[in-house]
Amino acid sequence: MEELAIQPCDGLIILIMRVRDPDRREQVVDRLTDIGADRVAQNAFELSTADWDAGLWDDEVEWFSDLLELTRDSLIVWRFTANSFVRFTIGEGG
């Protein structure tokens, strides 16, 4: 088994996608890919916002919120900053 080096986690975001509608799911995957996320499992993505300008991540959260509004779909998000993290859900399905 290959040993992975410890990486700094400031700006790391991990998302779990719980989107049932195929068209909406495709939109989420396309958007995540466009913003540089790596798909690490069928419904799991990771990306780093460490070098993003202030406010850009908030714009993405708003975009996903608008897409998932009034649905039962959701994204579960872990956002790591410095020595802590916050977990939250975008959408109603959480």
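Here's what I pulled together on the structure shown here. Remember, predicted model here, so these are calculated numbers, not experimental data. (Residues numbered from 1 in each chain as written. Predicted model: local features only at pLDDT ≥ 70, side-chain atom pairs only at ≥ 80, totals over all residues. Heavy atoms only, no water.)

## A short note on the nonpolar core
- In this structure, Leu 15, Val 28, Leu 32 and Leu 75 are the most contacted members of the largest nonpolar core, which totals 19 residues.
- Secondary-structure elements contributing two or more residues to this core are β1 (12-18), α1 (22-34), β3 (44-48), α2 (56-68) and β4 (74-81).
- The leading source of residues in this core is α2, at 5 residues.
- Once residues lying within four places of it in the same chain are set aside, the contact partners of Leu 15 are Leu 32, Asn 43, Ala 44, Phe 45, Leu 47, Trp 57, Leu 75, Ile 76 and Val 77. (Core = buried A, V, L, I, M, F, W, Y, C linked by side-chain atoms within 4.5 Å. Buried < 20%, exposed > 50% of the residue type's maximum accessible area, 1.4 Å probe, protein only. Helix = DSSP H or I, 4+ residues; strand = E, 2+ residues; numbered from the N terminus. Contact = heavy atoms within 4.5 Å.)

## As for a negative patch on the surface
- A contiguous patch of negative charge on the surface is contributed by Asp 58, Asp 59, Glu 62, Asp 66, Glu 69 and Glu 92.
- Along the polypeptide, Glu 92 turns up in the segment after β5 (84-91). (Patch = residues over 30% accessible without salt bridge, like charges linked within 9 Å, V, L, I, M, F, W, Y side chains within 5 Å. Areas by Shrake-Rupley, 256 points an atom, 1.4 Å probe, with all protein chains shown as cover. Salt bridge = Lys/Arg side-chain N within 4 Å of Asp/Glu carboxyl O. Lys, Arg positive; Asp, Glu negative; His and termini not counted. Charge placed at Lys NZ, Arg CZ, Asp CG, Glu CD.)

## Thoughts on α1
- With 13 residues, α1 extends 18 Å between its outermost C-alpha atoms, agreeing within 8% with the 18 Å of an ideal straight helix rising 1.5 Å per residue.
- Within α1, the full set of buried residues consists of Val 28, Val 29 and Leu 32. For α1, the angular spread of the buried residues around the axis is 95°, confining them to a single face. Of the residues in α1, the exposed ones pointing more than 90 degrees away from the buried face are Asp 23 and Asp 34.
- Buried residues in α1 make contact with β1, β2 (38-41), β3, α2 and β4.
- The opening residue of α1, the one whose side-chain oxygen lies 3.3 Å from the backbone nitrogen of Asp 23, is Asp 21. (Expected span 1.5 Å × (residues − 1). Arc of directions from axis to C-beta. Polar contact = N/O pair within 3.5 Å; in protein donor to acceptor, adjacent residues only side chain to side chain.)

## Quick notes on the pattern of salt bridges
- Within this structure, the stated rule accounts for 3 salt bridges.
- Ionic pairing is found between Asp 73 and Arg 24, a salt bridge with its closest N-O pair at 2.6 Å. Taken as a pair, Asp 73 in the loop between α2 and β4 and Arg 24 in helix α1 lie far apart in primary sequence, 49 residues in all.
- On the basis of relative accessible area, Asp 73 is assigned to the buried category, the value being 3%.
- In this structure, Arg 31 and Glu 60 form a salt bridge, with 2.8 Å as the shortest nitrogen-oxygen distance. Taken together, the positions of Arg 31 in helix α1 and Glu 60 in helix α2 put the pair 29 residues apart, joining distant regions of the chain.
- Classification of Arg 31 as partly exposed rests on a relative accessible area of 24%.
- Residue classification places Glu 60 among the buried residues on the basis of a relative accessible area of 11%.

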